[in-house]
Amino acid sequence: MISLGQLVFQVEYAMKAVENSSTAIGIRCKDGVVFGVEKLILSKLYEQGSNKRIFNVDRHVGMAVAGLLADARSLSEVAREEASNFRSNYGHNIPLKYLSERVAMYVHAYTLYSAVRPFGCSFILGSYDQDDGPQLYMVDPSGISFGYWGCAIGKAKQAAKTEIEKLQMKDMTCRELVKEVAKIIYIVHDEVKDKAFELELSWVGEVTNGKHELVPKDIRVEAEKYAKVCTTTTSLLHGISVTWVQNNSTFKVFFPHFMVTN
Amino acid sequence: MLTLYNPICSLYNPIYYTTIMAVEYDGGVVIGADSRTTTGAYIANRVTDKLTPIHDRIFCCRSGSAADTQAIADVVTYQLGFHSIELDEAPLVQTAANLFKASCYRYREELMAGIIVAGWDKRRGGQVYTVPVGGMLVRQPVSVGGSGSTYIYGYMDSNYKPNMTKDQCLRLVSGALSLAMERDGSSGGVVRLAAISETGVDRQVILGNQLPKWSTA
C-alpha cells in the first residue's frame, strides 16, 4: 500500500528529474513566441540536430521540453492528438489555453494512481494565431498549467528567470527577441560542468505567418554571434573578480550569471 | 432544394417544407423564416417558430423534417454548451456550424434536414453557414433554404448588396419571405425575424396582414 504522502513525493521526484535536465526557455513578445533550448551534447558521435527538444504540436503550436525526453515525446503525441481532434470536431485551431489544460489534465491523471509514475518532464507550449495573438503556457509534472509572458525550465531556470525578468518583452518583436533568447541560453550555460551544447531555437508569430518552425539558419547564426559577444564581455569581468577574491584569501565561486552587467 | 422524394420518410410526418433565410451585415446577422408546419395537406402548426437558439448569439433556421431538425438542434445545443464551458468563452459560429455538419453528414441516410446556422461572435462578427441536406458546410453572406427558396433566388440575387445596414437586411428578408410564402404552398403564416448582434437578439413577428404586398390583386 502506497500512502498518499508517498504519491506526492513521486511528483516532487519527477520535478527533480526536470531540474537535472538542461535549460529550456520560452518568451512571448508582442507578435509571437520564441523558444530556446540548451541542448547538451553528450557525445561527439551525435549527428547535429538529433535529439530535438522542440516539437511541433500543430501548425501554430510549438512545445519545448525539459526532463526525461522519452516522457516528453509521449506527451507531445498526446498534445498532437488533442489538437487534431479539436480541429476535426470543431473546425478551427485549438486555443492554447484549452490545449494546455487538456494536456495538464492528462499529466495530472498519472499522479493519481500507484500503478503508474508521474511524467518526468515539464514543457512549455507556445502558439500564435490571428484571433488570440501570441500565447505561452507551461505544464509541470504535477499537472498544473499557467500562462506566462516568459518562463524557464531545467537546471538553470532560476538564473534564466532572472534574465527574462530584465526584458521588456511586451514591446519587443520576434526578431529582437531571438537574439535575447540566444543570449540568455549562453549566459545560463555552465561552461565548467557541461562542455559542449547546441542551441535549438524556434519561433512562431507574425514573422512566420503563424507557423511554428525552427529559426532559419542565418538568423540563428546571427543570434548566436550576438550571444557570444555578450557572454565574452561577461567572462572577462568574471575573470577579474575571481582574481581579486583569491588575493584576499577568500574562496568564492562566481557563476557567470551573477556578473551580468549588460 | 427539397424536391427529392425521400422514400424513408412518410409524407404524414410533420415537415417544414418551408422558407428560411439568413443575411450577414456588418455587426451581425438577420435571420427569418415562415411559420408553417404541414402533415400532408393539413397545416399542423400555422405559427411555428423555426428560428431556434443554439447559444446566446447563435441561432439555426430549420427546414426539412421537424423531428429530425429538432433532435439535431438539441444535440448541438448540448455539445456547444459543454464546449463553451470548457473553453470558458463564448463559442464561435463556425464551431456550431461544424457540429451541425458532423451530425447531418454522419446520419445523412436517415435524416432529412436543411439547416442554416447564423450568429455573431467576437472574432469574426456576423456569419451565416449553410448545411443543406446531405451534410455539406459552406459559409455564405446570404443563404436561403427550404422549398420556398426556389422562388426567391432571383429576388435575392438582384436585391442583395454587400455592406447593407441592419434595417436594409430586415426589409430584404421580410420582402423575400413574403414573396416565397405567396408562391409556395408549403410556406405561409407569419414571418418570424431575428437580428443577432453583439448587444443581443432582437426578435420580431410580422403578421399576415402586415406583410409587404407584392401582388396587385
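Looking up chain B in an unreviewed UniProt entry gives the name Proteasome subunit beta, with the organism given as Oncorhynchus tshawytscha. Here is the UniProt Catalytic activity (unreviewed entry) comment for chain B, exactly as written: "Cleavage of peptide bonds with very broad specificity."

The name recorded for chain A in an unreviewed UniProt entry is Proteasome subunit alpha type-3, from Oncorhynchus tshawytscha.

*Asks:* Honestly, the nonpolar core in this entry has me stumped. Any pointers?
*Replies:* Side chains of a nonpolar character, in soluble globular proteins, are inclined to be buried together. Within the largest apolar cluster, 44 residues are counted, with the highest numbers of intra-cluster contacts made by F123 of chain A together with F100 and V117 of chain B. Once you skip the residues sitting within four places of it in the chain, F100 of chain B turns out to touch I54, C60, I72, A73, V76, I115, V117 and V131 of chain B. Counting residues in each nonpolar core, the second largest holds 29 residues, with I25, A156, V178 and V181 of chain A among its members.

*Asks:* Sorry, what's going on with the sheet that holds strand β7 (residues 145–147) of chain A here?
*Replies:* All names here are of chain A. The antiparallel open sheet is built from five strands, whose spatial order is β3-β4-β5-β6-β7. What marks the edges here is a single partner per strand, and that holds for β3 (54–58) and β7. Within the sheet, the average angular offset between the axes of one strand and its neighbour, ignoring direction, is 25°. The pairing of strand β5 (residues 121–129) with strand β6 (residues 133–139) spans seven bridges and is antiparallel.

*Asks:* When you look at the packing of aromatic side chains in this model, what are you seeing that I'm missing?
*Replies:* Aromatic rings in a pair are described by how distant their centres are and how their planes are angled relative to each other. Counted under the stated rule, the structure contains nine aromatic pairs over all chains. Plain terms: the ring middles of Y186 of chain A and F197 of chain A are 5.0 Å apart, the flat faces sit at 65° to each other, and that makes the pair edge-to-face. Here the residue Y186 of chain A occupies a position in helix α5 (residues 174–188), and F197 of chain A occupies one in strand β9 (residues 197–205), the gap between them amounting to 11 residues. In this pair, the class of Y186 of chain A matches that of F197 of chain A, namely buried. When the centroid spacing of 5.5 Å and the interplanar angle of 75° are considered together, the rings of Y155 of chain B and W214 of chain B count as edge-to-face. Residue Y155 of chain B is found in helix α3 (residues 153–159), and its partner W214 of chain B is found in the segment after β13 (200–206); the two are separated by 59 residues along the sequence. Among the aromatic residues, those joined into a cluster by ring pairs are F86, Y90 and Y98 of chain A.

Rules and cut-offs
Residues numbered from 1 in each chain as written. Chains lettered and ligands numbered in written order. Predicted model: local features only at pLDDT ≥ 70, side-chain atom pairs only at ≥ 80, totals over all residues. Heavy atoms only, no water. UniProt positions renumbered as here; feature names shortened; annotations may be inferred. Core = buried A, V, L, I, M, F, W, Y, C linked by side-chain atoms within 4.5 Å. Buried < 20%, exposed > 50% of the residue type's maximum accessible area, 1.4 Å probe, protein only. Contact = heavy atoms within 4.5 Å. Pairing = 2+ DSSP bridges. Helix = DSSP H or I, 4+ residues; strand = E, 2+ residues; numbered from the N terminus. Axes fitted to C-alpha atoms, helices over the stretch in contact; angles between N-to-C directions. Phe/Tyr/Trp six-rings, centres within 6.5 Å; stacked < 30°, edge-to-face > 60°.

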